[in-house]
Each structure stands twice: as structure tokens, then as C-alpha cells.
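Examination of the molecular architecture
Listed here are the chains, written in short residue letters.
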Amino acid sequence: MASETLRKTVFHPRHAAAGARFVPFGGWDMPVQFTGIQQEHQAVRGDVGLFDVSHMGEVEVLGDDAVAAFNRLITNDLEAIPDGQALYTAMCTPAGGIVDDLIVYRLSRQRVFVCVNASNRAKDFAWIVEHLTGATAHDRSDDYAQLALQGRNAQALLDPLCAADLAALGRFRCAETTIASHPCLVSRTGYTGEDGFEIYMPVEHGLPIYDALLAARPDLPLIGLGARDTLRLEMKMALYGNDIDETTTPLEAGLSWVVKFGKADFIGKDALAAQKAAGIPRRLVAFKLDGRAPARHGYPVLDEAGAAVGHVTSGTRSPSLGVNIGLAYVPDGQHKIGAPIRVGVRDRVETGVIVKPPLRPAR
Amino acid sequence: MSFPADLRYTKDHEWARLEADGTITVGITDHAQDALGDVVYVELPEAGRALEAGETFGVVESVKSVSDLYAPCAGEVVESNGLLQDAPETINGDAYGKGWLVKLKVEDAGVLDTLLDAKAYQALVEAEAG
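Residues numbered from 1 in each chain as written. Chains lettered and ligands numbered in written order. Predicted model: local features only at pLDDT ≥ 70, side-chain atom pairs only at ≥ 80, totals over all residues. Heavy atoms only, no water.

**Concerning the domain arrangement of chain A**
Residue and element names in this part refer to chain A. Split by domain assignment, chain A resolves into domain 1 (3–53 + 142–234), domain 2 (58–139) and domain 3 (281–355). Placing a centre on the C-alpha atoms of domain 1 and another on those of domain 2 gives a separation of 23 Å. Taken together, the contacts link 15 residues of domain 1 with 18 residues of domain 2. Both sides of the domain 1 and domain 2 interface together cover about 1,400 Å² of buried area, and 52% of this is carbon and sulfur. Linking domain 1 to domain 2 there are two salt bridges. A salt bridge links Glu 176 to Arg 111; its shortest N-O distance comes to 3.0 Å. Across the contact surface, domain 1 and domain 2 share seven residue pairs in polar contact (both at pLDDT 80 or more). Elements represented by at least two residues in the side of domain 1 that touches domain 2 include exactly strand S9 (144–150), strand S10 (174–179), strand S11 (182–187) and strand S12 (196–202). Per-class residue counts for the side of domain 1 that touches domain 2 are five nonpolar, four polar and six charged. (Domains from an automatic or database assignment. Contact = heavy atoms within 4.5 Å. Buried area = accessible area lost by both parts, 1.4 Å probe. Salt bridge = Lys/Arg side-chain N within 4 Å of Asp/Glu carboxyl O. Polar contact = N/O pair within 3.5 Å; in protein donor to acceptor, adjacent residues only side chain to side chain. Helix = DSSP H or I, 4+ residues; strand = E, 2+ residues; numbered from the N terminus. Nonpolar A, V, L, I, M, F, W, Y, C, P; charged D, E, K, R; others polar.)

**Topic: helix H4 (residues 118–129) of chain B**
Residues and elements named next belong to chain B. Counted at 1.5 Å a residue, the expected span for H4 with its twelve residues is 16 Å, and the 17 Å between its end C-alpha atoms agrees. Listing the buried residues of H4 in full gives Ala 118, Tyr 121 and Val 125. Taken down its axis, H4 places every buried residue within 70° of arc, on the same side. Turned more than 90 degrees from where H4 packs its buried face, Lys 119 and Ala 127 sit exposed. Summarising the contacts, the buried residues of H4 are in contact with strand S1 (8–9) and helix H1 (30–36). (Expected span 1.5 Å × (residues − 1). Buried < 20%, exposed > 50% of the residue type's maximum accessible area, 1.4 Å probe, protein only. Arc of directions from axis to C-beta.)

**Notes on the sheet that holds strand S13 (residues 222–223) of chain A**
The strand order across the open sheet built from six strands is S10-S11-S12-S9-S3-S13 (chain A), with neighbouring strands paired in mixed fashion. With one partner strand each, in any of the chains shown, S10 and S13 of chain A form the two edges of the open sheet. (Pairing = 2+ DSSP bridges.)

**Re the pattern of salt bridges**
Residues and elements named next belong to chain A. Applying the stated criterion across every chain yields a total of 35 salt bridges over all chains. Put simply, Glu 246 and Lys 123 hold a salt bridge, and the shortest N to O gap is 3.0 Å. Of this pair, Glu 246 sits in the loop between helix H7 (225–234) and helix H8 (269–278) while Lys 123 sits in helix H4 (residues 121–131); the two residues are 123 residues apart in sequence, bridging distant segments of the chain. Among the residues examined, Lys 123 registers a relative accessible area of 31% and is labelled partly exposed. A salt bridge links Asp 195 to Arg 188; its shortest N-O distance comes to 2.8 Å. Given a relative accessible area of 11%, Arg 188 falls into the buried group.

**Side note on the nonpolar core**
The biggest cluster of nonpolar side chains holds 63 residues, and the ones touching the most others in it are Tyr105(A), Phe287(A), Val312(A), Ile341(A) and Val343(A). Counting 28 residues, the second largest nonpolar core, distinct from the first, contains Leu50(A), Leu147(A), Tyr210(A) and Leu214(A). (Core = buried A, V, L, I, M, F, W, Y, C linked by side-chain atoms within 4.5 Å.)

Below you can see the structure in the form of C-alpha cells.
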């Protein structure tokens, strides 16, 4: 894709000046690395790092009962959380396939704010508009920039700049507040497995907030999409298009914790209930390999006879552990923690073991 | 970014150097290692394997990506760099030195003249960068 067709986030000039390497992602020209993926990864695991995630899309759902209206489109239960809280959920087709995975912010009964994957922005918005009744959906993706500040030192950095009391902001809580007097939505969420915040701001307030963060800490590590991927992979957090898509169900993907069969009807409920009753045929697992060669997306999972029984959906060298890790779909019954796994890497077989995430040193 | 004048280069970002004993040492360029990022794995052929020019002879993997390695010319592998099994990151630190990949025995070292010289390779890298 020619670079002139890619969109640039409001932070792009800062990151170009900082020496970022850019890659096309979801139609955007995004920083993939600054100083190096392993170094950036360790900064987030041990300190704090700042991510430009403005490529993510945002949809606002408005109505007298926006909560009930949007709740019909998702597998998790917006009625089970109070205003000012977010939840992670799948949005499914009637067949139970995953349209997208979302973070949904319940700002009030009348106002629900949804963060969608960049690559699914147009599809999701069309899906929501088609299936939403009793509320209206508004694509706000062009109106918002987004930063993620992730790592154990995130709160200490952000709190002095933020009008809200971040120490009192619990996990998955959110607040409409200001940073350096600029309006934003701050939530204690992330895609790294570390404590930290995601910050949504009207695009015109993006650079002032960014610059305030860098003024407060001039050596604040900048983190690209490369380390974002290794960080999420160590936590077994799914990446849409790699680990999950419309051919996979949340039950297969290990996301049954976000499927609430006890709630009011939702799209995909019957199909998911039927799959649960009939038996889930395959399971997304995390694994470690013994050998030196990393497993990669699409590599086969093999049985003893060498026949493909599943496939790797994500794989890399874990910067935290220094071993090769990945996620794969394997047949039900072969998915238990401690079970062996065999992965075809080019003309060889690499052996490993299914492990319980997170795939980073215990704390 | 360095482009040593005593090496020859391919458009696939490998370098080749004629040694005093007539063998040709092959590696990936400084530009290539920089573009890959942290190298975590290298797969190389065993000694004795005969390579055609342009043939895939191994892979180099970073945290993020897998890249094939292409033989810059025909030849027989006389040695692979064993250091890279334990320390693949050597390629990042010393792409033209300790990070070499294979040594090839060739019929005619004149084949190197068909590859790019440093100036031509640098121009290619700059053109790719736009």
C-alpha cells in the first residue's frame, strides 16, 4: 500500500521525530517500534510506556436506554456493571462467530461508548447500525485520538496531571475528566497485563495531553505495535483477525467468561448455548515450545502421526521468558494445562507444552 | 547505516565477500538487520549442501517477522556460523563481522562481479526508503 493512502494519527509527527519505524495497520501508518521491541516490552513490564492507539475505532450509542439496547448485541452483560465502568466482551453473529471483541464503557444509561478494533471499524459500525433498536449509533472514530499509558508507574505519572483521583479509580473503572486541563475519558484498562490507563480524547486535545505527559517525564518510553503484540500475547489476550474471527466462537477462544447465558437475550445466544450443550470442539490454548524456532500464525498443530489437528494463531519469542510462546486451536480434550503440543515449523516438528497464562515471570 | 566498499550486495539485502582462500562469506546487510529488529532465531544449512543462485537457504527471524535467506550465487556450503544458534542477536550487533551466515565454495569467484557494488546497493536502499 502506498504511504500516501495511509491515515496518520495526530501523534504521528511526534513519533516520526522520535525515530519510530512505521508500518501499515488497519489503514493507518502506525509506529511498530522505537528503540526495539524487546527493550520496549521490558519498559512496560518493569516501568511504564506510552502507546499511540488512535487507530482504534469508537462508536457512541445514545438512547433512553442505550444500555439495554446495546446489551442485546454483546455476550457480556452491561446490566451487571454500574455507570462509570467498562467491560470486555465479544459481539457475535447469530451463529456465534465473533464479529469483534470490544471494550464497552457504560457512561450512563443513556450513553454507551464502544472501542472497536481498527481493522473492524467499518464492519462493526454497519453491524451495530443494522442490529441496534431503541438507540442510535454514531461513529466517533474520526473525533477521538487514543493513548495507552501502561506499566506499574503509570499512575504515579498520570495522577498529578489528571483532575480525577486515579488512586480511587479501580480496575475497569472509567472517568470523564481532564489531563492538563484538556478533556478526556480515562479508564483503568489495557492490552498488556500491566496496571495502566487508556485515554480517549477529542483529537484536538491529543497533542496537548501527549506533550504534558512527555513534559512530566521527558524520558517516557514510547512503545510501538510490535511490543504491544508481545505484551498481549504473553497474557493470552486475543488479537482479532489472528486468534479470533467470525469462524471462531468465544467458547472456543477461551472467552466463556464474557458469555453470560443468564442475561436477557443477545445475538448468538442460541448458537452458543447449543455449542456448549453439544461440546466445544476446539480450544484456544497458550503454549511454550522447547526448541529455538518460533511458531508463527498459520503453522499446523500436529498429532503423533503428523496429521494437522489444529493451527497456531499467534507466536513469537517471549521477551519476558526468552522462550518461544504462542496460541493455538487444539481439539477439545487435548487442551489441558500440561498436555504436550507438536507444532510443524517448516519441515520439522517442534515439541512443547500447553501452559496456563500469563507467560511471563510470576510476580 | 554502513555499506562497506569491499563487499558485494544483492537486492535481497545480503552481502558477499571474497576471502583469501577463495571462498565467499555471506551475511545480511546492516540495513537488513536494522529493518528486522531484534533477531531471535537463525536457521542455516548444513555443510555440504549445494545452493543455486537465488535459492532459499535458511531463515532469519526477529520477534515480529520471518525472512527467507537467498543465496547470492551458486556454491557449496562449507561452513555455517554456529555462533548464531546460541547468539542470533550477533547479527544485530555485527552484521558484517561475527554475524556472518555461511561460507560458500564457488566455481568462479568472478560471479561476485554480477552483484551490486556498495554504491549501487546504497542507492537501492535509499530508493526503497522513498
